[in-house]
2 protein chains.
Amino acid sequence: MKSICGVEGVTAAGMKEGRYGLALVAASGTSAAVFTSNRVKAAPLILMKERIALGELDGIIVNSGCANAYTGEKGIQDAALMSGIGADAFRTDPERVGVASTGIIGRYLDLDLIGKQARQVAPRVRRDPAAEVEAARAIMTTDLVEKHALVRGDGFSVGGICKGSGMIAPNMGTVIALLYTDAEVTAGGLQRALRLATRRSFNRVVVDGDMSTNDIAICTATGKAGKVAAAAFRAALEECARSLAIQIARDGEGATKLIEMVVRRARTEKGASEIARTVVESPLLKTAVYGEDPNWGRVLAAAGRAGVEFDPDHVSLFIGAGEERTPLLEKGKIVADLARAKAAMKGKEVRFELDLGQGKEEATAWGCDLTEKYIEINGRYTT
Amino acid sequence: MKSICGVEGVTAAGMKEGRYGLALVAASGTSAAVFTSNRVKAAPLILMKERIALGELDGIIVNSGCANAYTGEKGIQDAALMSGIGADAFRTDPERVGVASTGIIGRYLDLDLIGKQARQVAPRVRRDPAAEVEAARAIMTTDLVEKHALVRGDGFSVGGICKGSGMIAPNMGTVIALLYTDAEVTAGGLQRALRLATRRSFNRVVVDGDMSTNDIAICTATGKAGKVAAAAFRAALEECARSLAIQIARDGEGATKLIEMVVRRARTEKGASEIARTVVESPLLKTAVYGEDPNWGRVLAAAGRAGVEFDPDHVSLFIGAGEERTPLLEKGKIVADLARAKAAMKGKEVRFELDLGQGKEEATAWGCDLTEKYIEINGRYTT
């Protein structure tokens, strides 16, 4: 087991026909969700915002191929009907079913297809390694690889699957993350932990800076493992979410390299995070990483426009990790050995570390390089 | 005359050797400047911020090839020395000379070269069509074309040249805009007019969302045409700046199409502007325009993440201008004729108009499509 089926009380199944996929994940327990902050919200999110207030779910139904976004009142009714299809599968009330969609914006759900697929998938909902793979594949759109994470805590587990290959893929959308734990957590505690974990993981991944209308992360706590230390649970949830988030960045559309941007010694975590995100979002930095060009000026130029106060003369910048960590700037002085810096850009992961020298907080963001393939995926192949 | 030499009291000259260019523009009068809001500011900007407080200049010296950015105390001293070179050319005090630089970040100015070039250029400072072309060419970096604008007001003129081909070009940087008028304007009035014009022009152009460490716009009013109506002057300055800004977007790195995004009936101009900028900055919209894909969902998805409140159900969206203006959404209802919409994307200019239906304010932003060529310019050819 490498993700959700590693958690007590979680069963799953899924299928995919062409671009149309359906996943069913059954897990009864306390549930929390966080949503895209995009003002244009897809119908299933509008429904889920209300529904999650109850704090309890028995399962989640997810379709790929159609985002059910920008579909007005009918879209919300369709999302409710889709949760009814899930309710039949899970033998529960529609109010206890979570629903999420990913795919093309501005089209209505094909509820006949979703109903037919759900009836095929429902009898196969089970707990084994193949089941979690099926579910992870069913929710993929332009993703090239499935994404799984499982974190073992002291007597409990947190597992998750997600999809996402760009904040928005071509016509397709969305990060969808389904997280599960067998720890016993209150609804309020789960909501706070999920919000924090999301802020430090999915919200720090930038593929293209575009934010989906359909982004959603849902966590259900089955309670099978009983009560656990709150701090240990929060740490495990964050680690699980971070692992999934990094997998999204690595699988970014057209990406050849993962970019990790660490900002240290900032006054606030928020400030550190703003800078880290702005840097990994910079098209100039992304193209420089693609070209393995140690053009560190682009890190500073992006950091400078993040809207966070810092003194450029107190800043240190490093490239690489561990023994290969190479200084580029030390307290504002240029010390870059460009040959070593270039060598640090050769691998599949490029890491920058910016020390602001002003406080004690830090944050990390993840992104990927920008390549011709991104243009091809999003521009050359038209709808 | 098509730009600065069309303004009474302005003379110019310039030269370029490989990537190293030098422009001298002589014009005595009331002066104002606006600067990048990037926290990392190039040395010439730090010098100019102080100097412009005097409100008077006799001329401006600009070099291309080296940005004199991230060069610490020495950089500021070098900028002062460069203004001394300009002072020799203009036979005035260094305090009355404006200075700007564009090019590679993190390198010191070659003052010997700049001095030698200035001595060659100074005797040729004059008022004719070839002179303004020389000056406009001298400040270019990755720009493919020079940028000129001249607006004739009632008894006065406003002319300008600028450079910029991306907020930052590969290693290169910067929008530099030199604006001149023969209208008589107070220093305070000029500063306010320039700030407003910049906000509505250069600040609404996005090529890649990256903001330079060296952006500067300077305006000198020679006063040769005497006093003019304040509103007429502000309108002419804005028109001149807008013309230059659109030329920058059109000449964006790798661009094949200009994107114009109009946001109407917003509650505030600031809100309209945030949305317009966010849309033209969206890599997904930019690649869709490149691929002539009428994927209007991307306009809405980008608008929704601009941080501005609006009701998606009240929004109308159009593509194209004049008789070819085609509705895509009407008050939240999808009415798109995708064949007509696709036809509207065929030309060199693609225009979207988003009606928020909530107020009376509007704003326009300009950008360009994102193509493989951008990646090639910024990634494949390394330093």
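Residues numbered from 1 in each chain as written. Chains lettered and ligands numbered in written order. Predicted model: local features only at pLDDT ≥ 70, side-chain atom pairs only at ≥ 80, totals over all residues.

Our focus in this paragraph is the domain arrangement of chain A. All names here are of chain A. Each assigned domain of chain A is listed with its residue range as follows: domain 1 (4-250) and domain 2 (258-380). The interface is formed by 11 residues belonging to domain 1 together with 14 residues belonging to domain 2. If you list the elements that add at least two residues to the side of domain 1 that touches domain 2, you get strand 8 (205-206) and helix 6 (230-250). Looking at the side of domain 1 that touches domain 2 element by element, the count peaks at 4 residues for helix 6. Looking at the side of domain 1 that touches domain 2 residue by residue, the classes come out as 7 nonpolar, 2 polar and 2 charged. (Domains from an automatic or database assignment. Contact = placed C-beta atoms within 7 Å. Helix = DSSP H or I, 4+ residues; strand = E, 2+ residues; numbered from the N terminus. Nonpolar A, V, L, I, M, F, W, Y, C, P; charged D, E, K, R; others polar.)

This brings us to the sheet that holds strand 8 (residues 205-206) of chain B. Residues and elements named next belong to chain B. Across the sheet, which stays open at both edges, the 7 strands sit in the order 8-15-10-14-11-12-13 with mixed pairing between neighbours. Every other strand in the sheet has two partners, leaving strand 8 and strand 13 (333-334) as the edge strands with one partner each. Relative to strand 13, strand 12 (residues 326-330) is paired through 2 bridges, and the arrangement is antiparallel. Directly across from Glu330, in strand 13, lies its bridge partner Lys333. Set on the sheet, helix 6 (residues 230-250) makes contact with strand 8, strand 10 (258-266) and strand 15 (361-368); between it and strand 15 the angle comes to about 40°. (Pairing = 2+ DSSP bridges. Axes fitted to C-alpha atoms, helices over the stretch in contact; angles between N-to-C directions.)

Before going further, it helps to examine the confidence of the model for chain A. Residues and elements named next belong to chain A. For chain A, the mean per-residue pLDDT works out to 91, and 95% of the residues sit at or above 70. When the elements of chain A are averaged for pLDDT, strand 8 gives the smallest value, 80, and helix 3 (residues 111-121) the largest, 98. Predicted confidence is poor over residues 168-172, with pLDDT under 50, and the contacts of this stretch with residues over four places away or in other chains come to 21 contacts. (pLDDT = per-residue confidence, 0-100.)

A separate point is the pairing of strand 6 (residues 157-163) of chain A. Residues and elements named next belong to chain A. By the criterion of burial, strand 6 is predominantly enclosed, with 7 of the 7 residues buried. Burial along strand 6 is two-sided: Ser157, Gly159, Ile161 and Lys163 and Val158, Gly160 and Cys162, pointing in opposite directions, are all buried. Two elements, strand 5 (residues 147-152) and strand 6, share 6 bridges in a ladder whose sense is antiparallel. Bridged to Lys147 within strand 6 is Cys162. Hairpin connection, strand 5 to strand 6: the antiparallel pair is bridged by 4 residues, and Gly155 has positive phi, about 85°. By the bridge criterion, 6 bridges tie strand 6 to strand 7 (residues 176-184) in an arrangement that is antiparallel. Residue pairing across strands places Gly160 opposite Leu179, the latter belonging to strand 7. (Buried ≥ 20, exposed ≤ 12 C-beta atoms within 10 Å, placed from the backbone.)

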